[in-house]
Each structure stands twice: as structure tokens, then as C-alpha cells.
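# Tertiary structure, described
Spelled out, the chains give:
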Amino acid sequence: MTLDTAVNLTSGMMAAAFIQQSLEHLRPAVRLQERLLFVPRLLLSVLLLAASLGIHLPGIGPSLLALALVVNHLFILSFFNGPYNGGADRMSLLVLLCLTCTFNLSNPAWQELAFGYLGIQLLLSYLIAGWVKIKNPDWRSGKALRDVFLFSAYPAGENIRKWADRPRILFGAGWAVMIFELAFPLTFLSAPTLIAGLAIAALFHGANACLFGLNRFFWIWICAYPSILWLQERVMTAAVRPPLG
Amino acid sequence: MDYAVLSAPKSVAEHWQEFRPRPAVLKPATTLRRMLWNPQWNENLFLVSLAERLMTVTTAETDAHSERELLLRVARHLDRHEAFDAGSYLQIRLRFVSRSGPDHAVTSQIAYLSGAHLMAGLITR
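Just so we're clear, the structure is a prediction, and the values are computed from it rather than from any experiment. The residue count restarts for each chain, going from 1 along the sequence in the order it is written. As a convention, the first chain written is A and the first ligand written is 1, with the rest following in written order. Predicted model: local features are reported for residues with pLDDT of at least 70 only, side-chain atom pairs are reported and counted for 80 or more only, and whole-chain, interface and lining totals are derived from all residues. Neither water nor hydrogens contribute to the side-chain values; these are computed over all heavy atoms in the structure.

### Focus on the pairing of strand S4 (residues 105-113) of chain B
Residue and element names in this part refer to chain B. Any two strands with at least two DSSP bridges between them are considered paired. A run of H or I in DSSP becomes a helix once it reaches four residues, and a run of E becomes a strand once it reaches two; helices and strands are each numbered from the N terminus. As judged from the eight bridges shared by strand S3 (residues 89-100) and S4, these two strands associate in the antiparallel manner. Across the sheet, Phe-96 pairs through a bridge with Gln-109, a residue of S4. In this antiparallel pair of consecutive strands, S3 and S4, the connection spans four residues, and Gly-101 shows a positive phi of 80°.

Spelled out as C-alpha cells, the structure:
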């Protein structure tokens, strides 16, 4: 995958995810002040999606649109006094900032660095999450995951809370998550293993979306997948390329 | 989070109600729909974040913002979904559930109780 293809794919996916997020803030139940922040975000995201689909917008390129989205995001952060949707918002900002740098830097090496940073952060997001969990005795014993289902604010329905009555399944699920997250960097060694790893990770995010209502995490995390696929190919190509001269 | 609607600012809240209790059964069709359209639940997650910010030692400005947002969002929801007197007062409380004691029993404790706020002053357009 070329850098241009990966950047364009990430840009289009992120714009679609931002459209979905923005629409949720534009329903009548939302205060006017909040809606006014998301109208420009929706419009800018629609234009960015159009640009990534190859539609020519006179005088408005993706670099300008991404910069405008960053400025808009700063106002949104101020309004909510931080992220609205925790990690999903942080990932949204990370994807946006990496893309903005890639679009606006003129040196190809710096462009690669900015976009590669997103891929590295994605890899670390799984590794560090696994490391934090496995260090915690409650995660190793299965108690932490049981408590998530039993009394945390996250289960999206009372029927989902009943999973707390299945400690063996949750013990196995907890260890499966920890092992997968810790082993994720190993999938980087080849394209097929990375694709398989990302497919499993997407299923994991999908399960979180269904059980805990974290739909924004699902959409924004997969936006970063092209960056790691490009980075893997870029690193492996550099590793096998014979030195010049 | 629980809320109570009071007739006077000095009244003692007796009838606390859980704000937006989760459905007893979340059907697969609803789950799938929520992949694309999940605004109320995402707002609930923001309320959890606000509650956590209130319980964390931060700044007076952060505390004021968190309390104001919690009250505004509860009042707006009640305004749209339930009939009440705009001259009534809204009070909220935060319940934190955790394991405690030697037997690690699950217990619930009131971690925060707001003052009573005039509902009419909280409903903004």
C-alpha cells in the first residue's frame, strides 16, 4: 500500500466516523450551543470525505480541511472541558493530528514520520492495554472483568450484567484479551499475520460496542488500521532492501 | 446517578430515581442500530466522565463545569420526556458502587450530593 493510498483511506474513514459522531450531537435533544459546534465539524467532514473520494473541491484541499477540523476540535474540547467520549475522542484527535501533519508537511520523510506515528500508537494502544491488565491481580484472577459486568456503568442492558454469573467464561475471556493485546506486536512481522491481528482486534472492538455501547471506539480505531498496514510494508521493505552502492 | 425533583429549595428529597436506567433486555436489533446511532448512551458515558471528574481532585473550575453539565443534561432530559413544574427544583446525587470490607461485598455509597437548583434556570435552548 502506498503512502498516498493509506493516507487517503484513513482520511475518508475518519471523515465518515466524524460524520457519524457529529450527527449524534445534532439531534434536537442537544443544546443549541453544542449543536453549533458540530455543524462545522459535519460540513468539514463531508467535504473531507468528498475529497478522499476524488471529488475536486476548488480552493479547498484536504490539508486545509484537516487544519480547520483541528481548530474546531479545540473549541469542542473546551466546551466539554476535555474529551466527550474518553478514549474514542483521544483516538479521534490523534488520527486527525497525524493526518493534518501528513497533509501539511512538505518533506516526504516528515510525512512518513507523521503517518507512521499513528501506526506505532495503534500498536502501542493494544500492547500497553494488555500490560496494564496483566499487572493487575484482579485481571489475572478474572475478578476485574466480572466486576465490569456486575456493577460498572458500562453494560448496555441488564441482561448483559448476567454475564457476571459466568466467572469461568469471563476468566477465559479476560486471559484471551490480555494474551492477544500483549502478542499484538508480533503480528507486525508479516502482512498476513498483521491482517489477521487487525481482524481479531476489530472483532474485539465490535464486541465492546455491542456489550458496552462503545460504538465510537469501533469506528475510530479501525480508521487507524491503514496506517499500521502501510507502516508494516514500509518497515519490511526497508529491512530487505539491499544498501545502495 | 439519581435525581429528585423538589417543590421547594429546602425540601428533603425522598423520592430518588435512577437517571436513564438501562433497559432490562437489550435486543440484537437495538444493539446493531446502536453501532451507527447511539447518542443517548454516548451522553451517558459523558455523564460518567463528569461524575469521575467531580470525584477527582482537580480545580474549582472543573468541579463547577462538571456539576453544571450534569444538572443541565438531567434537566433537559426531564424537560423533554416528563411533565414537571418549571418552578420545581432539581437535585442530583452520585452513587459509587464498589467492593469493600474483608468479604469484598459489593456496596453502594453516596459520593456526591448537589444542591437544589431551580429547574427553570437549568433549561436552556
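From this point on, the discussion continues.
### Section: the interface of chain A and chain B
Should any heavy atoms of two residues lie within 4.5 Å, those residues are considered in contact. Opposite the 41 residues of chain A that make contact, chain B presents 33 residues. For the chain A and chain B pair, buried surface summed over both sides reaches about 3300 Å², with 51% attributable to carbon and sulfur atoms. Salt bridges are counted wherever a side-chain nitrogen of Lys or Arg sits within 4 Å of a carboxyl oxygen of Asp or Glu. The interface formed by chain A and chain B includes three salt bridges. The partner of Glu69(B) in a salt bridge is Arg31(A), and the shortest N-O contact between them spans 2.7 Å. A quick way to say it: buried area is the sum, across both parts, of accessible area lost when two parts are put together, with a 1.4 Å probe.

### Things to note about the pattern of salt bridges
Under the definition given, this model contains 14 salt bridges over all chains. Salt-bridge contacts for Lys143(A) lead to Asp138(A); the nearest nitrogen and oxygen are separated by 3.5 Å. For Asp2(B), the salt bridge is made with Arg93(B), and the minimal N-O distance between the two is 2.8 Å. Here Asp2(B), found in strand S1 (residues 2-6), pairs with Arg93(B), found in strand S3; they are 91 residues apart in sequence, far enough to count as distant. Arg93(B) carries the same exposure label as Asp2(B), and that label is buried. One network of salt bridges, with partners in common, ties together Arg31(A), Glu34(A), Arg20(B), Glu43(B), Arg68(B), Glu69(B) and Arg73(B). Whether a residue is buried, partly exposed or exposed follows from its accessible area with a 1.4 Å probe, protein chains only, as a fraction of its type maximum: under 20%, in between, or over 50%, in that order.

### Thoughts on the packing of aromatic side chains
By convention, a stacked pair of Phe, Tyr or Trp rings (six-membered ring in the case of Trp) has centres within 6.5 Å and planes under 30 degrees apart, an edge-to-face pair has planes over 60 apart, and any other such pair is tilted. Tallying each qualifying case throughout the model produces 13 aromatic pairs over all chains. The interplanar angle of 80° and the centroid separation of 5.0 Å between the aromatic rings of Phe79(A) and Phe80(A) together place this pair among those described as edge-to-face. Comparing Phe79(A) with Phe80(A) shows no difference in burial state: the two are buried. Pairing Tyr126(A) with Phe180(A) gives two aromatic rings, centres 6.3 Å apart and planes at 65°, and the pair type is edge-to-face. Of this pair, Tyr126(A) sits in helix H5 (residues 108-135) while Phe180(A) sits in helix H9 (residues 167-183), and the two are 54 residues apart along the sequence. For the residue pair Tyr126(A) and Phe180(A), the accessibility class agrees, reading buried in each case. Members of the aromatic cluster, joined through ring pairs, are Phe38(A), Phe79(A), Phe80(A), Tyr84(A) and Phe46(B). When the ring centre of Trp139(A) is taken as reference, the NZ or CZ atom of Lys133(A) above it lies at 5.4 Å. Here Arg166(A) stacks its cationic end above the ring of Trp163(A), 4.9 Å away from the centre of that ring. Put simply, a charge is over a ring when the Lys NZ or the Arg CZ is close to the ring centre, within 6 Å, and near the line of the ring normal, within 35 degrees.

### Remarks on the side chain of Arg76(B)
Relative to the helices and strands, Arg76(B) resides in helix H3 (residues 60-81). One buried charged residue, Arg76(B), remains without a salt bridge, the closest side chain of opposite sign being Asp79(B) at 5.8 Å. Pairing of N or O atoms within 3.5 Å defines a polar contact, subject to two protein rules: one partner must be a possible hydrogen donor and the other a possible acceptor, and residues neighboring in sequence count only if both atoms are side-chain atoms. At a separation of 3.3 Å, a polar atom in the side chain of Arg76(B) contacts the main-chain carbonyl oxygen of Val30(A). Asp and Glu count as negative and Lys and Arg as positive, but His and the ends of the chain are not part of the count.

### Details of the side chain of Glu181(A)
Residue and element names in this part refer to chain A. One can find Glu-181 in helix H9. Here Gly-130 takes part through its backbone nitrogen, which lies 3.1 Å from a polar atom of the side chain of Glu-181. Setting aside residues up to four positions removed in sequence, Glu-181 forms contacts with Tyr-126, Leu-127, Ala-129, Gly-130, Lys-133 and Phe-204.

### A few points about the pairing of S1(B)
Residues and elements named next belong to chain B. By the criterion of burial, S1 is predominantly enclosed, with four of the five residues buried. Two strands pair when backbone bridges link them, and S1 and strand S2 (residues 17-18) are joined in this way by two bridges, in the antiparallel orientation. Looking across to S2, one finds that Tyr-3 is bridged to Gln-17. Taken together, the five bridges between S1 and S3 define a ladder with antiparallel strand orientation. If you follow Asp-2 over to S3, its bridge partner there is Arg-93.

### Concerning the environment of Glu69(B)
Of note, Glu69(B) is situated in helix H3. C-alpha of Glu69(B) to C-alpha of His15(B): the two residues are 54 residues apart in sequence and 22 Å apart in space. Ignoring anything within four residues of it in the chain, the contact list for Glu69(B) reads Arg31(A), Phe79(A), Phe46(B) and Leu50(B).

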